[in-house]
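Observations on the three-dimensional arrangement
The residues making up each chain are set out below.
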Amino acid sequence: MAEYQPNETGPLDGVRVVDLTRLAAGNMLTHMLADFGAEVIKIERPGKGDDLRHFGNAQVWWKEYARSKKSVTLNLKSDEGKELLLKLIDTADVLVENFVPGTLERWGLGPDDLLARRPELIMVRLSGWGQTGPYAQKPGFGSLIEGLSGFAAMTGFPDRPPLLPPLALADMIAGITGFGAVSTALYARLDGKSKGQVIDLSLFEPLFSVLGPWLANYVATGTVPQREGNRSEVAAPRNVYTTSDGRFLALSASMQSMWEKLAISIGHGALIEDPRYLTNSDRVRHADELDEVIGGFIAARTLDENIAFFTEEGITVGPIGDPEQLLNHEYIRGRGVVEDYPDADLGQVPLHAPFPRLSATPGSVRAPAPEVGQHNAEFMQELGLVDRGAEWLKNAGVA
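Residues numbered from 1 in each chain as written. Predicted model: local features only at pLDDT ≥ 70, side-chain atom pairs only at ≥ 80, totals over all residues. Heavy atoms only, no water.

1. Thoughts on the overall build of the chain
Summing up its helical and strand segments, the chain has 17 helices and 11 strands in all. Principal-axis analysis of the C-alpha atoms places the extent of the chain at approximately 85 × 50 × 40 Å. Within the chain, the fraction of its 399 residues that count as buried is 45%. Within the chain, residue pairs in contact and separated by at least 24 positions form 69% of the contacts whose partners lie at least 6 positions apart. Accessible surface for the chain amounts to roughly 20,000 Å². Of this, 55% is attributable to carbon and sulfur atoms. Averaging the coordinates of the 37 positive side-chain charges in the chain and doing the same for the 53 negative ones gives two points 5 Å apart. (Helix = DSSP H or I, 4+ residues; strand = E, 2+ residues; numbered from the N terminus. Buried < 20%, exposed > 50% of the residue type's maximum accessible area, 1.4 Å probe, protein only. Contact = heavy atoms within 4.5 Å. Areas by Shrake-Rupley, 256 points an atom, 1.4 Å probe, with all protein chains shown as cover. Lys, Arg positive; Asp, Glu negative; His and termini not counted. Charge placed at Lys NZ, Arg CZ, Asp CG, Glu CD.)

What follows is the structure, given as structure tokens:
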């Protein structure tokens, strides 16, 4: 079992982050900053905490994305809570928030106010649609973004409705993007190219950017791309096939050389010269017939037999993994993608390792996810507010 590394530092050691976000995108962003050494102070609602705490059983989402953070509870609707927040911001390098655009301005905590007070502050403003444009004030949950962006339209099978992803995909991609944006802004500040600045980060744009030339393809061809299921609109063969033991195998042979090797290995080398399969475009048009041949070969063998055969032949295949398989998969464990850490509720909890992997300044998991308000006393002491009185602390939301 892995151990937490409370004294481990990282490349962002000395960077203080005040995290005002809730749910997935902001927590993804700040968890990556924490993995690389930043001190992340998670501001939570008194009593309830972050909504992410209530996702899944045993707070598993919270355990994954709040590790190495510190929790302080504040009532931001009270004058005392705002005063304490401002004192924390005075010591911070980065502020991350995901309120509806305009909310912080109404509270007197907008960028103009905060940058006047703390010119070095890097302020990340996460929202569904961005701080500008006609949708700025619209609700921005990831499902809406995954719908409008085109992701759902291109996902699923042609004879069935579009599919939304079964995870917070738009949020997570935005969070990873935000990690890069904050790192860039910190470097620009260090290099003297800027002081503080505002990062306007929507959920929509990062997801839209990874969908490829979807719109350009429509303009170029004049046709609306159809959903392809597990196939590709630009390469074949590429699909998920069922094995004789009822398991699933992913196969991709989009390169011409890989296709030719595949055809020969399954005893159908003559298909290489068949006009229907000469090029990727030809094979895409005749994917049904091609899948019958390949699927028939795979269906006669178990998953393990298929993997052994195709691996020996140098064909790119892999199993469709499920949690039971992944927990002890040779790649997952061998590379250290997941490590088991001590957990008060579960005995141990598998957490994904810090990424990306830096050779000289790697990330680390320094502490388990905090309890609500676990670090209130620490920051009351630091900010010299211990003697304010019980009523003041109660109004501030830290008592």
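Next comes the rest of the write-up.
2. Quick notes on the packing of aromatic side chains
In this structure the tally under the stated criterion is 12 aromatic pairs. Judged by centre distance (5.9 Å) and plane angle (80 degrees), the rings of Phe55 and Trp61 are edge-to-face. Residue class for Phe55 comes out partly exposed when judged on its relative accessible area of 36%. Measuring from centroid to centroid gives 5.2 Å for Phe99 and Trp107, while their planes differ by 70 degrees, and the two rings are edge-to-face. Taken together through their ring pairs, the aromatic side chains of Trp129, Tyr135, Phe204 and Phe208 make up a single cluster. The ring of Phe297 is capped by Arg301, whose NZ or CZ atom sits 3.7 Å from the centre of that ring. (Phe/Tyr/Trp six-rings, centres within 6.5 Å; stacked < 30°, edge-to-face > 60°. Lys NZ or Arg CZ within 6 Å of the ring centre and 35° of its normal.)

3. Some points on the pairing of strand 11 (residues 347-352)
Both strand 10 (residues 338-343) and strand 11 contribute to a ladder of 6 bridges, which runs antiparallel. Its bridge partner lying in strand 11, Pro342 is registered against Gln348. Here strand 10 hands over to strand 11 after 3 residues, the two strands then running antiparallel side by side. (Pairing = 2+ DSSP bridges.)

4. Things to note about the side chain of Arg118
Assignment of secondary structure puts Arg118 in the loop between helix 5 (111-117) and strand 5 (122-127). For Arg118, a relative accessible area of 18% corresponds to the buried category. A distance of 2.8 Å separates the side chain of Arg118 from the backbone oxygen of Ala92, its partner in a polar contact. Excluding anything up to four places from it in sequence, Arg118 contacts Ile89, Asp90, Thr91, Ala92 and Asp93. (Polar contact = N/O pair within 3.5 Å; in protein donor to acceptor, adjacent residues only side chain to side chain.)

5. Brief notes about the sheet that holds strand 7 (residues 238-242)
Reading across from one edge, 7-8-9 is the order of the 3 strands in this open sheet, with antiparallel pairing throughout. Strands at the two margins of the open sheet, each flanked by one partner only, are strand 7 and strand 9 (317-319). Taken over all neighbouring pairs, the strand axes of this sheet differ in orientation by 25 degrees on average, direction set aside. In terms of strand pairing, strand 7 meets strand 8 (residues 248-252) through 5 bridges, oriented antiparallel. Its bridge partner being in strand 8, Arg238 is matched across the sheet by Ser252. Relative to strand 8, helix 13 (residues 303-313) is tilted by about 20 degrees, and along the sheet it contacts strand 8 and strand 9. (Axes fitted to C-alpha atoms, helices over the stretch in contact; angles between N-to-C directions.)

6. What about the sheet that holds strand 2 (residues 39-44)?
Strand order in the open sheet formed by 6 strands is 3-2-1-4-5-6, with parallel pairing between adjacent strands. At either end of the open sheet lies a strand with only one pairing partner, and these are strand 3 (70-73) and strand 6 (197-202). Each strand axis lies, on average, 20 degrees off the axis of its neighbour in the sheet, ignoring direction. The pairing of strand 2 with strand 3 spans 4 bridges and is classified as parallel. Following the sheet pairing, Ile43 is matched in strand 3 by Val72. Docked against the sheet, helix 1 (residues 24-35) engages strand 1 (16-19), strand 2, strand 4 (94-97), strand 5 and strand 6, running at close to 165 degrees with respect to strand 1. On the sheet, helix 3 (residues 79-89) packs against strand 1, strand 2 and strand 4 and is oriented at approximately 170 degrees with respect to strand 2.

So far we have only geometry, and geometry alone does not tell us how the molecule works.
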